[in-house]
Amino acid sequence: MSRIKIFDTTLRDGEQSPGVNLNKAEKLEIAKQLEKYGVDRMEAGFPASSKGDFESVKQIASTIKNSSIIALARAVKSDIDTAYEALKGAEKPAIHIFLATSPIHMTYKLKKSPEQVIETAVNMVAYAKERFDEIEWSAEDATRSDWNFLAQIIEKVIEAGATVINLPDTVGYTTPEEYGKLFRFIKETVSNIDQVALSCHCHNDLGMAVANSIAAVENGATQVEGTINGIGERAGNAALEEVVVALKIRSDYYPFETGLNLKETKRTSDLVAKLTGMYVQANKAVIGRNAFSHESGIHQDGVLKNTETYEIITPEMVGVSSNTLFLGKHSGRHAFKDKLKEFGVELSEKELKTAFDQFKLLTDQKKEVTDDDLYTILMDIKTDSTVVDKYKLIQFGVSYDTADTPKANVILESPNGSLIEATQQGNGSVEALYKTINYLIAENITLVDYQINSVGGGKDALAESHVQIIINGETINGRGSAQDVLQASAVAFIQAVNRYYVQKKANLTRLVYES
């Protein structure tokens, strides 16, 4: 079995999904989970794009030990220098340099001739080689590039010191047959290709990202790039969990293996969905809620007799298990702390106390507390903004009568510590609540998206709300969970506002790159 390396770009390409805005703490928690999942390489971000990205990459680089930490850079000296500074604390640092090679990109975006593009690529790879042992070079928009030109520039960047060559399908345009032929052509044409690893990076605009990735592997790629749940720009990237499970299930056909711990698939998927607000569709392959559900009577009968009649993937393989009662109202702090060890989440004494207090509050309202409930509490604590000066929800009330206009009363603690209160009306309970909070905060806020989901099932399930707002022209996400739907909604809205102030204070302006 040939080993295929997994390059995860959830924290870089995935975070560029419209509306996704992860803070430093959220990125670190995702990075830790990706390390548990077993990814070989982790693209932590684009350090030159903003101060916030630089700090996130730096923190991840100094924390993660078992995965190689990679920083993205344009073919520009200052980007390479910034990436080097961000990765100084990494045990396995690497840089990912990209430069467009398609005629349309060279002409209209770069405004450079093919000869100038080759010169830039070679010079920047050579410059990076003075600082990094591992250098991945990407031919942006490779699938719309001239193949002979690709072979020429690849040979030269390998001579300059590149160790991985990536051929991205940047706009999701290619087909499996075409993409496979491209990899075969490069392997057969580039004289020094045996000195490097070949990598694939596919976007899903035509719904073929996973199929294209597997076609690349069949034709010589030894690294697959993608994201958890397939998130990313436009229609997203190849979903890594689908690629690796396909290789596992069809090992009779594909003589390839990866180093991923498949039992961490669900936990990884759930965490990314929770923190990005991009929930997985119910019928998504491998990890969707319906992936192991059988409504048809014929299917149910077959599965009860032998699961292999209709299930080719067992739930246990990807870490799907039933939510079970683990602790109750009378559980003590010691038992609670022992249980947390199973999640592998590190908590300070202060965080542990907060988590235990929230758990106790939950058991007053909810008879059965599940693993999902507890994990939600832990992630809310670990990823909440650490800024001290922020708005806090003290109390709220909503009155609703079908004969009257809904009305909300809200008391907030302002950043200066004073209590502020207001009452407003709206066409619905949530609108009244949000209008009141907006009135108290007195910023130009527009609600763009509002989602409510349940954590687990049952009538006493936790509610989890995600909102996306535009505040003074900036798009910000917020997340909140509570036993009550309206409380979760209020917490999510206020968190988004607080994030805006954090971002404003840091003056974070991000550049983005579509690989």
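Residues numbered from 1 in each chain as written. Predicted model: local features only at pLDDT ≥ 70, side-chain atom pairs only at ≥ 80, totals over all residues. Heavy atoms only, no water.

Participant: Summarise the overall build of the protein chain; cite the residues concerned and give the values.
Facilitator: Scanning the protein chain from terminus to terminus reveals 16 helices and 16 strands. Its C-alpha atoms give the protein chain a radius of gyration of 25 Å, near enough to 24 Å, the size a compact globule of 515 residues would have. Over its C-alpha atoms, taken along the principal directions, the protein chain stretches across nearly 75 × 60 × 45 Å. Within the protein chain, buried positions represent 52% of all 515 residues. For the protein chain, contacts bridging at least 24 residues in sequence account for 68% of all contacts bridging at least 6. Only carbon and sulfur atoms are counted for the fraction: they give 48% of the accessible area of the protein chain, which is about 22,900 Å². (Helix = DSSP H or I, 4+ residues; strand = E, 2+ residues; numbered from the N terminus. Rg over C-alpha atoms; globule rule 2.2 N^0.38 Å. Buried < 20%, exposed > 50% of the residue type's maximum accessible area, 1.4 Å probe, protein only. Contact = heavy atoms within 4.5 Å. Areas by Shrake-Rupley, 256 points an atom, 1.4 Å probe, with all protein chains shown as cover.)

Participant: Lay out the environment of leucine 34 in plain terms, naming residues and giving numbers.
Facilitator: Checked against the element boundaries, leucine 34 lands in helix α1 (residues 24-37). The exposure class of leucine 34 is buried, given its relative accessible area of 0%. Sequence separation between leucine 34 and threonine 10 is 24 residues; the distance between their C-alpha atoms is 9.3 Å. Those residues in contact with leucine 34 that lie beyond four places of it in its chain are Asp8, Leu11, Val39, Met42, Ile228 and Thr268.

Participant: Before we move on, could you go through the environment of leucine 110 and cite the residues and values that matter?
Facilitator: By the element assignment, leucine 110 lies in helix α4 (residues 103-110). Residue leucine 110 is classed as partly exposed on the basis of its relative accessible area of 23%. Taking the C-alpha atoms as reference, leucine 110 lies 38 Å from leucine 271; in sequence the two are 161 residues apart. Each residue touching leucine 110, except ones within four places of it in the same chain, is listed here: Leu99, Ala100, His105 and Val117.

Participant: Help me get a handle on the sheet that holds strand β12 (residues 407-413), residues and values and all.
Facilitator: The strand order β11-β12-β13 describes an open sheet built from three strands, whose pairing is antiparallel. Looking at strand neighbours, the two that pair on one side only are β11 (392-399) and β13 (419-425), the edges of this open sheet. Taken over all neighbouring pairs, the strand axes of this sheet differ in orientation by 15° on average, direction set aside. Two elements, β11 and β12, share seven bridges in a ladder whose sense is antiparallel. (Pairing = 2+ DSSP bridges. Axes fitted to C-alpha atoms, helices over the stretch in contact; angles between N-to-C directions.)

Participant: Could you give an account of the packing of helix α8 (residues 209-218) against helix α9 (residues 240-249), naming the residues involved and the relevant values?
Facilitator: Each pair of packed helices can be summarised by the angle the axes make with each other and by the distance between the axes. Where α8 meets α9, the closest approach of the two axes is 10 Å, and the angle between their N-to-C directions is 50°. The angle between the axes of α8 and α9 places the two elements in the oblique class. Two packed elements cross with a definite hand, and for α8 against α9 that hand is right-handed. From α8, Val210, Ser213 and Ile214 reach across to α9, where they touch Glu242, Val243 and Ala246. For the contact of α8 with α9, the residue count by class is four nonpolar, one polar and one charged. (Parallel < 35°, antiparallel > 145°, perpendicular 65-115°, else oblique. Left-handed = near helix turned anticlockwise from the far one by under 90°. Nonpolar A, V, L, I, M, F, W, Y, C, P; charged D, E, K, R; others polar.)

Participant: Describe in detail the sheet that holds strand β14 (residues 445-455), supporting the description with residues and values.
Facilitator: Judged by pairing direction, the sheet is antiparallel, and its three strands sit side by side in the order β14-β15-β16 without closing on themselves. A strand with exactly one partner marks an edge of an open sheet, and here the two such strands are β14 and β16 (474-482). Each strand axis lies, on average, 15° off the axis of its neighbour in the sheet, ignoring direction. Most of the contacts of helix α10 (residues 265-276) go to strand β15 (residues 462-471), to which it runs at about 45°, and overall it touches β15 and β16.

Participant: Explain the nonpolar core to me, and be specific about the residues and the numbers.
Facilitator: In this structure, Trp137, Ile154, Ile165 and Ile186 are the most contacted members of the largest nonpolar core, which totals 110 residues. Listed in part, the 23 residues of the second largest apolar core include Leu433, Ile441, Ile476 and Val497. (Core = buried A, V, L, I, M, F, W, Y, C linked by side-chain atoms within 4.5 Å.)

Participant: Give me the lowdown on the packing of helix α13 (residues 349-365) against helix α14 (residues 371-383), citing residues and values where you can.
Facilitator: Following both chains from N to C, one finds α13 and α14 inclined at 140°, their axes separated by 10 Å at the closest point. In terms of their interaxial angle, α13 and α14 are classed as oblique. Here the hand of the crossing between α13 and α14 comes out right-handed. Listed contacts from α14 to Glu351, Thr354, Ala355, Gln358, Phe359 and Leu362 of α13 are Asp373, Ile377, Leu378, Ile381 and Lys382. Split by residue class, the contact of α13 with α14 holds six nonpolar, two polar and three charged.

Participant: Please set out the side chain of histidine 96 residue by residue, giving values where relevant.
Facilitator: By secondary structure assignment, the location of histidine 96 is in strand β5 (residues 93-100). Residue histidine 96 is classed as buried on the basis of its relative accessible area, which comes to 0%. Polar contacts involving the side chain of histidine 96 include one to the side chain of serine 138, which spans 2.5 Å. When neighbours within four sequence positions are excluded, histidine 96 is seen to be in contact with Phe7, Glu43, Ile70, Ala71, Leu72, Ala73, Glu136, Ser138, Asn166 and Glu225. (Polar contact = N/O pair within 3.5 Å; in protein donor to acceptor, adjacent residues only side chain to side chain.)

Participant: Kindly report on the pairing of β12, identifying the contributing residues and their values.
Facilitator: As defined by bridge partners, β12 adjoins β13 across seven bridges and the pair is classed as antiparallel. Within the sheet, the bridge partner assigned to alanine 408 lies in β13 and is glutamine 424. Taking the residues that link successive antiparallel strands as the turn, the β12-β13 hairpin has five residues, and the phi of glycine 417 there is positive, at about 95°.

Participant: Lay out the pattern of salt bridges with the relevant residues and their values.
Facilitator: Summed over all chains, the structure comprises 25 salt bridges. Among the salt bridges present, the one from arginine 12 reaches glutamate 43, with a minimum N-O distance of 3.1 Å. Remark: glutamate 43 occurs in strand β3 (residues 41-45) and arginine 12 occurs in the loop between β2 (5-8) and α1; sequence separation between them is 31 residues. Each member of the pair arginine 12 and glutamate 43 is classed as buried. Across the pair glutamate 26 and arginine 479 runs a salt bridge whose closest N-O atoms are separated by 2.9 Å. Of this pair, glutamate 26 sits in helix α1 while arginine 479 is found in strand β16, placing the two residues 453 residues apart along the sequence. Assessed through its relative accessible area of 0%, glutamate 26 is described here as buried. One connected set of salt bridges, linked through shared partners, spans Glu26, Asp380, Arg479 and Arg499. (Salt bridge = Lys/Arg side-chain N within 4 Å of Asp/Glu carboxyl O.)

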